[in-house]
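A structural walkthrough
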Amino acid sequence: MRPGKPEDLGQIVELFRHEVEVGRQDSAPSESRTRARLARFDWSGKSRVMELDGHLEAAVLVVARPSPDGVLADVYAAGHGDAYGNAVEWGVLFAQASGAKIVHTTMAAGHGDGLERFGLRRARPWWRMDRSLGDALPEVAPVPGYELADATRTAPGVWAEMFNRSFADHWRFAPRTEPEIVGGKPPELCLMAVTTTTRAPAAITLGETEEFADDRRPQPVGIVSSVGTVPEHRRRGLAGWLVAEEMRRLRDAGARHASLYVDGLNPTRAYKIYNELGFEVVYEAEVWEASFR
Ligand SMILES: CC(C)(COP(=O)(O)OP(=O)(O)OC[C@H]1O[C@@H](n2cnc3c(N)ncnc32)[C@H](O)[C@@H]1OP(=O)(O)O)[C@@H](O)C(=O)NCCC(=O)NCCS
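Now for a look at the structure at hand. As the structure is a computational prediction, the values presented were derived from the model and not from experiment. (Residues numbered from 1 in each chain as written. Predicted model: local features only at pLDDT ≥ 70, side-chain atom pairs only at ≥ 80, totals over all residues. Heavy atoms only, no water.)

1. Quick word on the overall build of the protein chain
Across its full length, the protein chain carries eight helices and eleven strands. The C-alpha radius of gyration computed for the protein chain amounts to 19 Å, which stays within 12% of the reference 19 Å derived for 293 residues, consistent with globular compactness. Counting only C-alpha atoms and orienting by the principal axes, one finds that the protein chain spans roughly 60 × 40 × 35 Å. Evaluated residue by residue, the protein chain yields a buried proportion of 50% over its 293 residues. The long-range fraction of contacts in the protein chain, counting pairs at least 24 apart against all pairs at least 6 apart in sequence, stands at 72%. Put simply, the protein chain shows about 13800 Å² of open surface, and 50% of that area lies on carbon and sulfur atoms. (Helix = DSSP H or I, 4+ residues; strand = E, 2+ residues; numbered from the N terminus. Rg over C-alpha atoms; globule rule 2.2 N^0.38 Å. Buried < 20%, exposed > 50% of the residue type's maximum accessible area, 1.4 Å probe, protein only. Contact = heavy atoms within 4.5 Å. Areas by Shrake-Rupley, 256 points an atom, 1.4 Å probe, with all protein chains shown as cover.)

Right, here's the structure in full:
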């Protein structure tokens, strides 16, 4: 086992495709997208790869961020045979040794057998919901008293603040920075509802198009993310409006299909809004969690 390097990325992406083949994950991002996301990743400190005869057998990457519950670390592991378990184990032990209080790894429901031996427990259902963008799209219903804005016209800094305020009561919330929220996303797909009178930000929804290899969905796929309304503006139709508008913009940007991910126990029942907009659950995963006090 050795630290990973940016030059390993091609093989690491192959390993993540293998995770899709064996059914542990639903999709694997392209190499270019993965490279962009990991541009500032601390390879030597936070990754390990296992090599056999010059080929990678497994890889694990750990991404940690502070949260109100303590440092929360996500373990992304991929590998063949027993090397997979070794990769998860390294990720959990490394995260714990680095001070993480909570460690997560996510995988398809029913594929987590054996994870208990690393101290992980099933913690939360995690769903992917899809709909075609080829059919008639739902009506866009603007909410009186609010206007639509996008990142072509808003001041920087406001996206992270909106995300962090909207998601503060979300399960295992960890604050994000502006580059994590809107970095690399087309500005016309970063939507915000603001009040007409004072232009106070009230709700956000983000989108981007992405190509997935060996994937059943018509490509490219429009990914909808960060659907959030600050508490004082909820239950007025803002999220429904922004997601409907986002679908149109994604289709205009070339997307043929839309996907989003949602906490299956979301107390604000976000999945119900998506369902009313034509999204259906197509893939069920589970978040596995280890906590260290
Ligand atoms: C989930 C969330 C984005 C919904 O935002 P919202 O702007 O309140 O959403 P909407 O107003 O479009 O819909 C919410 C509910 O209000 C209802 N509603 C819409 N307009 C309404 C109105 N004028 N009067 C009363 N109710 C209304 C909707 O029918 C919906 O009801 P339901 O829960 O029975 O389905 C928001 O609660 C939130 O930010 N939650 C925390 C972050 C989160 O979990 N995001 C989802 C991540 S996948």
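2. Observations concerning the packing of aromatic side chains
This structure, assessed with the given rule, holds five aromatic pairs. Where Trp 90 meets Phe 94, the ring centres are 4.7 Å apart and the plane angle is 10 degrees; that geometry is what we call stacked. Linking Trp 90 with Phe 94, this pair stays in helix α4 (residues 81-97), spanning four residues, or about one helical turn. A ring pair is formed by Trp 127 and Tyr 271, whose centres lie 5.6 Å apart and whose planes are at 65 degrees; its orientation type is edge-to-face. Of this pair, Trp 127 sits in strand β5 (residues 121-132) while Tyr 271 sits in helix α8 (residues 270-276); the two residues are 144 residues apart in sequence, bridging distant segments of the chain. Trp 127 gets classed as buried once you look at its relative accessible area, which sits at 17%. Using a relative accessible area of 23% as the deciding quantity, one classes Tyr 271 as partly exposed. Directly above the aromatic system of Phe 212 lies the positively charged group of Arg 217, at a separation of 4.5 Å from the ring centroid. (Phe/Tyr/Trp six-rings, centres within 6.5 Å; stacked < 30°, edge-to-face > 60°. Lys NZ or Arg CZ within 6 Å of the ring centre and 35° of its normal.)

3. Here we look at the nonpolar core
In terms of nonpolar packing, the biggest core is built from 30 residues, with Leu 133, Leu 238, Trp 241, Tyr 274 and Phe 279 touching the most fellow members. At the level of elements, β5, β7 (190-195), β8 (201-210), β9 (221-229), α7 (238-252), β10 (257-263) and α8 are the ones that each hand at least two residues to this core. Broken down by element, the residue count for this core peaks at eight residues, all from α7. Other than its neighbours up to four places away in sequence, Trp 241 contacts Val 140, Ala 141, Pro 142, Val 143, Tyr 146, Glu 147, Leu 148 and Ala 193. (Core = buried A, V, L, I, M, F, W, Y, C linked by side-chain atoms within 4.5 Å.)

4. Focus on the site of the ligand
Taken together, 22 residues surround the ligand, and among them Val 227, Arg 235, Gly 237, Asn 266 and Lys 272 come closest. With respect to the ligand, the side chain of Arg 234 contributes an N or O atom lying 3.4 Å from an oxygen atom. Residue Arg 235 places a main-chain N or O atom 2.7 Å away from an oxygen atom belonging to the ligand. When the ligand sits alone it has 940 Å² of accessible area, and the protein chains cover 77% of it. Secondary structure elements with two or more residues in the shell around the ligand: β9, α7, β10 and α8. Broken down by element, the residue count for the shell around the ligand peaks at four residues, all from α8. A breakdown of the residues in the shell around the ligand according to their chemical character gives nine nonpolar, eight polar and five charged. (Near = heavy atom within 4 Å. Polar contact = N/O pair within 3.5 Å; in protein donor to acceptor, adjacent residues only side chain to side chain. Nonpolar A, V, L, I, M, F, W, Y, C, P; charged D, E, K, R; others polar.)

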